[in-house]
Amino acid sequence: MRRLFERLGKSLKSVGHSHLRLRRGRLLSSADAPDTEIKVITLDVTGTLISYKGSVGEWYCSAASRVGVACVGCGEIEKGFKQAYDETCLEYPCFGGKALLGKEWWRICVRRSFELAGHEIADPDKFERVFQRIYSLFGSPKIYDVCPDVIPFLIWAKRRGYVIGILSNSD
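Here's what I pulled together on the structure shown here.

Calculation criteria
Residues numbered from 1 in each chain as written. Predicted model: local features only at pLDDT ≥ 70, side-chain atom pairs only at ≥ 80, totals over all residues. Heavy atoms only, no water. Disulfide = S-S within 2.5 Å. Helix = DSSP H or I, 4+ residues; strand = E, 2+ residues; numbered from the N terminus. Buried < 20%, exposed > 50% of the residue type's maximum accessible area, 1.4 Å probe, protein only. Contact = heavy atoms within 4.5 Å. Patch = residues over 30% accessible without salt bridge, like charges linked within 9 Å, V, L, I, M, F, W, Y side chains within 5 Å. Areas by Shrake-Rupley, 256 points an atom, 1.4 Å probe, with all protein chains shown as cover. Salt bridge = Lys/Arg side-chain N within 4 Å of Asp/Glu carboxyl O.

### Brief notes about the state of the cysteines
Right, on to step 1. Taken as a whole, this structure holds 1 disulfide when the rule is applied.
Right, on to step 2. There is a disulfide in this structure between Cys61 and Cys71, and the S-S distance comes to 2.1 Å. A torsion of -55° about the S-S bond marks the disulfide between Cys61 and Cys71 as left-handed. Of this pair, Cys61 sits in helix α2 (residues 56-66) while Cys71 sits in the loop between α2 and α3 (74-91), placing them 10 residues apart in sequence.
Right, on to step 3. For Cys61, a relative accessible area of 8% corresponds to the buried category.
Right, on to step 4. Here Cys74 is not disulfide-linked; the sulfur of Cys61 is the nearest cysteine sulfur, at 3.7 Å.
Right, on to step 5. A relative accessible area of 32% means that Cys74 is categorised as partly exposed.

See the structure below:
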């Protein structure tokens, strides 16, 4: 739980609230302003509440090999994914917004991940099978673990009457 509060403190600093600090469930200002009681705590999902079992590259390679597509290497796919994700976010912000459905946004990102890794899947049927497997995997609980601090933190927050909100860019 201590690590979660440390992350919360770092999050406050990262969004420009470096003058604030957290102590015993109360938000304190270093200025002489009165204390403000916290009623709601918002958390991101990936990396805060849940984490991947393995890496994105490993899951992409696993999906490709199950369809009969040789994979160039998990590390290369991982690097390709990071770049493809950034590119796709720039070209189609907010997971496509009104321009694309979220699933189509991910189809573009997955295709680009393999291309950037030097392994374009030219056969459209094979690519679609790989993509469907990847899309299904990431939409299931199979590849995620609950972070170890989550359950104790949620119990702690519930006992103190906090409302927990989830904010995420995961679609």
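### With respect to α2
Right, on to step 1. Those residues of α2 lying buried are Val56, Gly57, Trp59, Tyr60, Cys61, Ala63 and Ala64.
Right, on to step 2. Those residues of α2 that are buried lie in contact with β5 (50-52), α3, α4 (102-116) and α5 (124-138).

### Digging into a nonpolar patch on the surface
Right, on to step 1. Together, Val146, Ile151, Leu154 and Ile155 line one region of the surface with nonpolar side chains, adding up to about 330 Å² of accessible area.
Right, on to step 2. Top element by residues in the nonpolar patch is helix α6 (residues 150-159). It accounts for 3 residues.
Right, on to step 3. With respect to the secondary-structure elements, Val146 resides in strand β6 (residues 144-146).

### Brief notes about the pattern of salt bridges
Right, on to step 1. Tallied over the entire structure, the rule returns 6 salt bridges.
Right, on to step 2. One salt bridge connects Asp145 with Lys53, and the closest N-O pair in it is separated by 3.9 Å. Within this pair, whereas Asp145 is found in strand β6, its partner Lys53 is found in the loop between β5 and α2, the two being separated by 92 residues in sequence.
Right, on to step 3. Judged by relative accessible area, which is 36%, Asp145 ranks as partly exposed.

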